[in-house]
Structures are given as structure tokens and as C-alpha cells.
Amino acid sequence: MRIPSLILIIPLLVPVTAEWYPRTGDDEVPPMIPYDNNQEIPLECTQRDVENNGEHKFDENMNVLYAPFPLCAETGKPIAFHYGTDAEFNCTFSFTDELFHQFQYYVHEDAPFSCRLPLSNPDSGEAKSEKAYIPLRFNFRGNIQESHLDIDDSINVLFTSAIEQNTPISAISWSSSTEANRYVIGDSMTLKVAVKWFKTSGTGTSETPINGGFYKLPNSLNGVSTPVYILSLIVCILLTAGGVYGIVYSRFSKKAYTMGYRPTIDHETAVGKKD
Ligand SMILES: *[C@@H]1O[C@H](CO)[C@@H](O)[C@H](O)[C@H]1NC(C)=O
């Protein structure tokens, strides 16, 4: 017997219920403990097996293994981002055999350069399974050549964060210049990094654990909406004009009084030329 087609449609009409995301390793809603402004955010990246098509490396319980970002020569530490702080810096590291082959996978888009950072303040003392993470993927552009790799090593990093709660919500990084450099195994690569934070409010109404929803980029990437920007421009112009008028007027009228000038009418009298 054929199932009437109406019955097949019914499941499509049931509204999709949203769940809080991301969740902890125990599949719980995370507490979202605020970061301090400028607090260093620990970053860890998936380990990839270059002998096995760039597949994840796993521990004995089949958990994906993470490792810090390569050490930057400039600081002796892995790349570090600071909560809410825009920055520009360099990070130079050398291409070990393994890292070079990993970058072949990244540039060829066989595997993503996936990292993650804790949603909550890392000093909150939560165990690893109680933590929730947000992903940060580095999308490197380039070309794989027979003898070397061409990589665009200038990267933007963008964060959105919850203004109410001081926690990061999402992050992305991508190559963004019109230049690529040529690299072989053993070379050093200097990443040119520009970091920008957008603090926004969610569009949601749920209270668990904050008003979540879509943390959109602001209308204007200057961080100010266009009407507010135009209004502040107008106020600025009026204040400046008023100030200048006040100063000039009081000087001129005093000078005109003491020097016996007539009220200024044209350019010539304004510069005090008497003929
Ligand atoms: C990064 O290094 C480049 C040279 O590779 C240099 O021109 C630039 O000034 C450096 N930027 C910073 C922020 O140190």
C-alpha cells in the first residue's frame, strides 16, 4: 500500500527546536564565565598525521589530539590572542618536515587548519570535559608547486564576542593579501597577523545561559552604525563651527573696537588693509 504523500510532508512541518551551542564535552550547557579584557586566550590546534592523508591524530580513546600553535620566534610562545584587543603582530616559525607537509594539506584544502579556544574564562577551574570550545580555522591560500609551496602569509583574524558576557562567540582567520611567498622545508615563515574584535549582542531571547541567538557583524564595520556616525559628524561640525565662530567673533569685535575698524565686509577689510 502506498503511503499518502501528506503523511510524508507532516514531519517537515514540525518546527525545529534550537539547542544551546556549543556544549561541553559532557554535552551540557556551558556556564560561560566571562573573560577579563585583554586576558590571554589559550589556543590549541588539532594534530594531523602527515603519513595518513592529514587525518586527525587520536589518543587511545579515539579523542582528537590537540597541540599548541607552532612557537613564534618573536615571543618564544605560540600565537596568543587577547580578549577584546585588536592587534597587529608577526609570528615567525620554521617549516619542519612535518609542518611543511601539514601545510601542503591546508593549502590544498585536503584538511582544515583547525584550532579551538575555550568559551569560558580558562582560569575558571573547569575540568576539560566541562569546557565548551569555539572553533578557529586558519584558511591559508596558496599553491602547491612541485618543489615548493606558495603561501599567502598575511592573515586576518576576526572574533565576535558577547558584549553582555565577555566571552568569545565565534572566530575565523583567512589569508588576505595579494602576495604569496615561496617556501621549502627548513624555511622560516613570518605570518603577518591582524586581529579585530566585534563585540555584539545576540538576537535571541533565551536566558540560558545568556540571551543567545545570532551574533551578527555590526552594520558598519567601523563599529558604529551609519545613522549614529552621521549624527556624530553633524554634532562635531556644529560644535567646531560654534567654537571657531565664538573665538573669531570675540577677537574680531574686540580688535575692531580698539582699532576703530568698520565691521568686516569683504576680504580686503578682513585682513586690515586700509586704502
Ligand atoms: C612584520 O614583519 C614585516 C617583515 O616581514 C615587517 O615589515 C612588519 O613591520 C612587521 N610587522 C609588525 C607588526 O611587527
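Residues numbered from 1 in each chain as written. Predicted model: local features only at pLDDT ≥ 70, side-chain atom pairs only at ≥ 80, totals over all residues. Heavy atoms only, no water.

Engineer: Run through unusual backbone geometry, naming residues and quoting values.
Structural biologist: The step from Tyr-21 to Pro-22 runs through a cis peptide bond, and the omega angle for that step is 0 degrees. Counting through the fold element by element, Pro-22 comes out in the loop between helix 1 (5–13) and strand 1 (40–41). Backbone geometry places Met-32, a non-glycine residue, at a positive phi of 55 degrees. Along the chain, Met-32 turns up in the loop between helix 1 and strand 1. If you check the backbone angles, Glu-109 has positive phi at about 60 degrees while not being a glycine. On the secondary structure map, Glu-109 appears in the loop between helix 2 (97–107) and strand 8 (113–118). (Helix = DSSP H or I, 4+ residues; strand = E, 2+ residues; numbered from the N terminus.)

Engineer: Kindly report on the sheet that holds strand 7 (residues 87–94), identifying the contributing residues and their values.
Structural biologist: Spatially, 5-2-8-9-13-12-15-7 is the arrangement adopted by the eight strands of the open sheet, whose pairing is mixed. Sheet topology places strand 5 (66–68) and strand 7 at the edges, where each strand pairs with a single neighbour. Within the sheet, the average angular offset between the axes of one strand and its neighbour, ignoring direction, is 30 degrees. By the bridge criterion, three bridges tie strand 2 (residues 44–46) to strand 5 in an arrangement that is antiparallel. Paired with Thr-46 across the bridge in strand 5 is Tyr-66. The strands touched by helix 2 within the sheet are strand 7, strand 8 and strand 15 (188–200), with strand 7 carrying the most contacts at an inclination of about 125 degrees. (Pairing = 2+ DSSP bridges. Axes fitted to C-alpha atoms, helices over the stretch in contact; angles between N-to-C directions. Contact = heavy atoms within 4.5 Å.)

Engineer: Could you give me a rundown of the pairing of strand 13 (residues 167–175), with the residues and numbers involved?
Structural biologist: On a regular strand, each side chain points to the face opposite its neighbour's, so the side chains alternate between the two faces of the sheet. Pairing between strand 9 (residues 133–139) and strand 13: two bridges, direction parallel. When the bridges of strand 13 are listed, Asn-139 appears paired with Trp-174. Here strand 12 (residues 154–162) pairs with strand 13 via eight bridges, running antiparallel. Each bridged residue has a counterpart across the sheet, and for Ser-161 the counterpart in strand 13 is Pro-168.

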